Amino acid sequence: MAQQTDERQDRINRREALIKKGIEPHPARFDSTHTLAELTDVKDGEMASVCGRIMLQRVIGKLAFYQLQDESGKHQIGVKVDDVGADNYELTDLLDRGDFLGVTGTKGVTKT
């Protein structure tokens, strides 16, 4: 039972940290330009806004990868500290599997 309480408190702490940073943790809506499945049709370097539930996350130093899922499918997104700045990159510490995440940025392809 203690583990559930710790997880609950961790989520409460993350929510409070987002609020202190001026971010609404449970917005009523996010204006997406594409579904995750439609990202395959977006050209490299083109802007897109998508939203999905975090199914997998890997934070490796100054680079973070998230696999998002929506009703249309799954897609991986990446965040680099050089692209978003150190203050914004710190938000990766406040995200967890199961959270909904809205993302706006340019499409790119990793080497692998």
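Coordinates for the structure precede this section.
On a predicted model such as this, the values are computed, not experimentally measured, just so you know. (Residues numbered from 1 in each chain as written. Predicted model: local features only at pLDDT ≥ 70, side-chain atom pairs only at ≥ 80, totals over all residues. Heavy atoms only, no water.)

### Focus on the side chain of serine 49
Argument step 1. Here serine 49 is to be found in strand 1 (residues 47-60).
Argument step 2. Looking at serine 49, the relative accessible area reads 9%, which means it is buried.
Argument step 3. Apart from the residues lying within four places of it in its own chain, the contact partners of serine 49 are Phe30, Asp31, Ser32, Thr33, His34, Val103 and Thr104. (Helix = DSSP H or I, 4+ residues; strand = E, 2+ residues; numbered from the N terminus. Buried < 20%, exposed > 50% of the residue type's maximum accessible area, 1.4 Å probe, protein only. Contact = heavy atoms within 4.5 Å.)

### A word on the nonpolar core
Argument step 1. Counting residues in hydrophobic clusters, the biggest one holds 15 residues, and the most contacted among them are Leu39, Ile54, Tyr66, Leu68, Ile77, Val79 and Leu101.
Argument step 2. Of all the elements in the fold, those that place two or more residues in this core are strand 1, strand 2 (63-70) and strand 3 (73-80). (Core = buried A, V, L, I, M, F, W, Y, C linked by side-chain atoms within 4.5 Å.)

### Some points on the layout of surface pockets
Argument step 1. Approximately 1,800 Å³ is the volume found for the largest pocket.
Argument step 2. Residue lining of the largest pocket: 48 residues in total, with Ile77, Val79, Leu101, Gly102 and Val103 positioned closest to the centre.
Argument step 3. Residue assignment for the lining of the largest pocket shows that the elements contributing at least two residues are helix 1 (2-20), strand 1, strand 2, strand 3, helix 2 (81-84), helix 3 (86-89) and strand 4 (100-106).
Argument step 4. For the lining of the largest pocket, the residue count by class is 24 nonpolar, 14 polar and ten charged. (1 Å grid on protein atoms, 1.4 Å probe; cavity = no way out; pocket = protein on both sides within 12 Å on 5 of 7 lines; lining within 4 Å. Points joined across faces, edges and corners; volume = space filled by probe spheres on them. Nonpolar A, V, L, I, M, F, W, Y, C, P; charged D, E, K, R; others polar.)

Treat this as a map of the structure, not an account of what it does.
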